[in-house]
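Reading the structure
So you can see what is in the structure, the chains are spelled out below.
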Amino acid sequence: MKRVLVSVIGITMCVLLLSSCKEKSETNCSDSVENDAQSTYILQTDESTEKEVNEKLKKEAEERSRREIEEKESIISKNKIKILSLEQDQRSVEQERSKINTDINRCQANLSNAQRQLQNAQNQKVKVYREGVGWIYTSDQQAIASAQGLVRQYENQQYSLEAEQQQLYLKIQKIRTQISELRNENQQLEKEIVSLKNKYNF
């Protein structure tokens, strides 16, 4: 009777031990599955977040590029208006310079005439009476003085016109330089705009 009771108790304990081991194994397995699922969720969440961040950064970069393009296009438009204004100034100055050239040519002709008159007056002899000497032939001092006055007048006029002509020339050169700089700036801006559009497929 005692042996039978011991055997029953032993079997019962073995069953309990096996049951306990099975429960522990199932718990560990469940924990492992849960941990794997959580890791997969975190990984998927991280990938989704990274994609959203990249999309946001891309949109921000595109918006900055659009604003930059608009700013460059605005500068180009303003430069074109400046160029038109400068070209109009250049035409006005060139017309003024052309008029000065005409005045210089006229002045040079007048100066040549005055120089011939001076030479003629110096070569021409007039008959005058001098007390104690009588009648003599001599240069007409009045005619010479008059011719000399004309020569000085036209020489001064020519000098003044040529100085003004030089100032107008320098002004035209300055305007041309400004126009060239603005055109070069526009060309550079247009290249930058094309590069940005190609980069973001605008």
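**Quick word on the overall build of the protein chain**
Counting secondary structure elements, the protein chain contains two helices and two strands. Sequence-ordered secondary structure for the protein chain, helices as α and strands as β, is α-β-β-α. Looking at the 202 residues of the protein chain, the share that counts as buried comes to 19%. Look at the contacts in the protein chain between residues 6 or more apart in sequence, and 76% of them connect residues 24 or more apart.

**Let's talk about unusual backbone geometry**
Unlike most non-glycine residues, Asn-201 shows phi in positive territory, near 55°. Its place among the elements puts Asn-201 in the segment after helix H2 (141–200).

**Quick notes on the packing of aromatic side chains**
In this structure the tally under the stated criterion is two aromatic pairs. For the pair Tyr-200 and Phe-202, a centre-to-centre distance of 5.6 Å together with 20° between the ring planes defines the contact as stacked. With a relative accessible area of 19%, Tyr-200 lands in the buried category. The exposure class assigned to Phe-202 is partly exposed, which follows from its relative accessible area of 33%. Over the ring of Phe-202 we find Arg-66; its NZ or CZ atom is 4.0 Å from the centre of that ring. For Lys-127, the ring lying beneath its charged end belongs to Trp-135, and the centroid distance is 5.3 Å.

Rules of the game
Residues numbered from 1 in each chain as written. Predicted model: local features only at pLDDT ≥ 70, side-chain atom pairs only at ≥ 80, totals over all residues. Heavy atoms only, no water. Helix = DSSP H or I, 4+ residues; strand = E, 2+ residues; numbered from the N terminus. Buried < 20%, exposed > 50% of the residue type's maximum accessible area, 1.4 Å probe, protein only. Contact = heavy atoms within 4.5 Å. Phe/Tyr/Trp six-rings, centres within 6.5 Å; stacked < 30°, edge-to-face > 60°. Lys NZ or Arg CZ within 6 Å of the ring centre and 35° of its normal.

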